[in-house]
2 protein chains.
Amino acid sequence: MESKTGEPSEGLTLEDLAVGQVFVSGSHTLDASQIKTFAREFDPQPFHTDEEAAKNTFFGGLAASGWHTAAITMRLLVSSISISGGLIGAGGDLSWPRATRPGDTLHVETEVLEIRPSRSRPDRGMVTVRTVTLNQEGQAVQILVSRLVVPRRQGYSHD
Amino acid sequence: MESKTGEPSEGLTLEDLAVGQVFVSGSHTLDASQIKTFAREFDPQPFHTDEEAAKNTFFGGLAASGWHTAAITMRLLVSSISISGGLIGAGGDLSWPRATRPGDTLHVETEVLEIRPSRSRPDRGMVTVRTVTLNQEGQAVQILVSRLVVPRRQGYSHD
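Below or above, wherever it landed, is the structure these notes cover. (Residues numbered from 1 in each chain as written. Chains lettered and ligands numbered in written order. Predicted model: local features only at pLDDT ≥ 70, side-chain atom pairs only at ≥ 80, totals over all residues. Heavy atoms only, no water.)

What follows deals with the overall build of chain A. Broken down by element type, chain A carries four helices and five strands. The order of helices and strands in chain A, counted from the N terminus, is β-α-α-α-α-β-β-β-β. Within chain A, counting contacts between residues at least 6 apart in sequence, those at least 24 apart form 67% of the total. Total accessible area on chain A is roughly 7700 Å²; 48% of this is exposed by carbon and sulfur atoms. (Helix = DSSP H or I, 4+ residues; strand = E, 2+ residues; numbered from the N terminus. Contact = heavy atoms within 4.5 Å. Areas by Shrake-Rupley, 256 points an atom, 1.4 Å probe, with all protein chains shown as cover.)

In structure tokens:
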């Protein structure tokens, strides 16, 4: 990618983003083994670690930890959106409308909702995005509305 | 734990919780190796995977993925709050006011903010809690306000 203004050649800056822009990721398929490995370390509850025990729980069968779905979402985001300086989130609002199950194939679709240059820091801005994590049937398993720190193009404000 | 009403002997129900109640977890210490292992799988960006490369980034040095901090928080929650039927979150609002660094010792403090019995499902309710993840200096590295699904005591509404 060539550049006239000297910004780093890799990664989007605030000026490259537009409200309504959509980024679609590749996909990741989970199996029961991945679900249990993650859960044993970070969310050791029967509905995430044991198919049999999971049957008599709220989930009615093995389900991934929501934090596993969130981590896979991040992995898919990193490989589908290249922001100059990296993909840096300040936080967000997270919901899990449906469980992720063994065998699910997930991908994420991210839409730019708002772009706000920082007043105090002329070198950056905040971008609000909605990232929906979908299973193979097009059902949302996670909705994340997050705020990203995105740099402005170098020297842009002085051009 | 003895019980006169026949509820499961392990785990709290909606009736056991009160607004203002606080749960404090044990602690977990992270090292650079844990930070890099998690990041290689779920958030492969230089500031999470490489001390040297991290120096010239937003973080100014190696930092844990926010999703790693979130996952450790869940682990600490599972071992500090025992809810009947398990700790089941429907989502929440998440922020990372400060990075988690190699060597940090984290613990979580959770306060009950709101308790709302379900109108449509008399066997359960929603409980809003604020979980603050603190480092060894008492600084918040994550604030999570989440909604938990909590069962009511068996037969409680018919007593």
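Moving on from the coordinates now.
Our next topic: the side chain of Gln45 of chain B. Structurally, Gln45 of chain B can be placed in the loop between α1 (32-42) and α2 (46-49). Setting aside residues no more than four positions away along its own chain, Gln45 of chain B makes contact with Met74, Val78, Gly86 and Leu87 of chain A.

Turning our attention to the nonpolar core. Core analysis: the largest hydrophobic core is formed by 63 residues, its most contacted members being Phe38, Trp67 and Leu87 of chain A together with Phe38 and Trp67 of chain B. The biggest single contributor to this core is helix α4 (residues 66-78) of chain A, with eight residues. Aside from chain neighbours lying at most four places away, what touches Leu87 of chain A is Met74, Leu77, Val78, Ile81 and Leu148 of chain A together with Gln45 and Phe47 of chain B. Formed by seven residues, the second largest nonpolar core is a distinct cluster that contains Ile88 and Val149 of chain A together with Phe47 and Phe59 of chain B. (Core = buried A, V, L, I, M, F, W, Y, C linked by side-chain atoms within 4.5 Å. Buried < 20%, exposed > 50% of the residue type's maximum accessible area, 1.4 Å probe, protein only.)

One key point about sheets: their strands pair by backbone hydrogen bonds, in either a parallel or an antiparallel sense. Read from one edge of the open sheet, 10 strands run β1(A)-β3(A)-β4(A)-β5(A)-β2(A)-β2(B)-β5(B)-β4(B)-β3(B)-β1(B), paired in antiparallel fashion. With partners counted over all chains shown, the strands left at the sheet margins are β1 (22-29) of chain A together with β1 (22-29) of chain B, one partner each. If you compare each strand with its neighbour and ignore which way they point, the axes differ by 25 degrees on average. One ladder, built from six bridges, connects β1 of chain A with strand β3 (residues 105-117) of chain A; its direction is antiparallel. Pairing of Val22 of chain A across the sheet is with Glu111 of chain A, part of β3 of chain A. (Pairing = 2+ DSSP bridges. Axes fitted to C-alpha atoms, helices over the stretch in contact; angles between N-to-C directions.)

Listing the buried residues of helix α1 (residues 32-42) of chain A in full gives Ala32, Ile35, Lys36, Phe38, Ala39 and Phe42 of chain A. Angular distribution of buried residues about the axis of α1 of chain A spans 165 degrees; they occupy a single face of the element. Against the buried residues of α1 of chain A lie α2 (46-49), α3 (51-54) and α4 of chain A together with α1 and α4 (66-78) of chain B. (Arc of directions from axis to C-beta.)

Moving on, we get to the packing of α1 of chain B against α4 of chain B. For any two helices packed against each other, the geometry comes down to the angle between their axes and how far apart the axes lie. Residues and elements named next belong to chain B. Where α1 meets α4, the axes come as close as 9 Å, and the angle between the chain directions of the two elements is 110 degrees. As the angle between them shows, α1 and α4 are arranged roughly perpendicular. Listed contacts from α4 to Gln34, Ile35 and Phe38 of α1 are Trp67, His68 and Ala71. Looking at the contact of α1 with α4, its residues break down into four nonpolar, two polar and no charged. (Parallel < 35°, antiparallel > 145°, perpendicular 65-115°, else oblique. Nonpolar A, V, L, I, M, F, W, Y, C, P; charged D, E, K, R; others polar.)

Okay, the relation of the copies chain B and chain A next. Rotating chain B by 180 degrees about the axis while translating it 0.0 Å along that axis superimposes it on chain A, leaving an RMSD of 0.0 Å. Taken together, the rotation angle and the small translation identify this as a two-fold axis. No C-alpha of chain B approaches the rotation axis more nearly than that of Asp93 of chain B, which lies at 2.2 Å. (Least-squares fit on C-alpha atoms with pLDDT ≥ 70 in both.)

Here we come to the interface of chain B and chain A. By a widely used convention, the size of an interface equals the accessible area lost when the partners come together. In this assembly, 34 residues from chain B lie in contact with 34 residues from chain A. Counting each side, the surface lost to burial between chain B and chain A is near 2800 Å², with a carbon and sulfur contribution of 65%. For the chain B face of the interface with chain A, the top three residues by lost area are Phe42, Phe58 and Trp67 of chain B, together amounting to 24%. Counting the contacts that link chain B with chain A gives 12 residue pairs in polar contact (both at pLDDT 80 or more). Of all the secondary-structure elements, those providing two or more residues to the side of chain B that touches chain A are α1, α4, β2 (88-95) and β5 (140-151) of chain B. The class makeup of the residues in the side of chain B that touches chain A is 19 nonpolar, eight polar and seven charged. Here five bridges tie strand β2 (residues 88-95) of chain A to β2 of chain B, and the two strands are oriented antiparallel to one another. By the bridge assignment, Gly92 of chain A is partnered in β2 of chain B with Leu94 of chain B. (Buried area = accessible area lost by both parts, 1.4 Å probe. Polar contact = N/O pair within 3.5 Å; in protein donor to acceptor, adjacent residues only side chain to side chain.)

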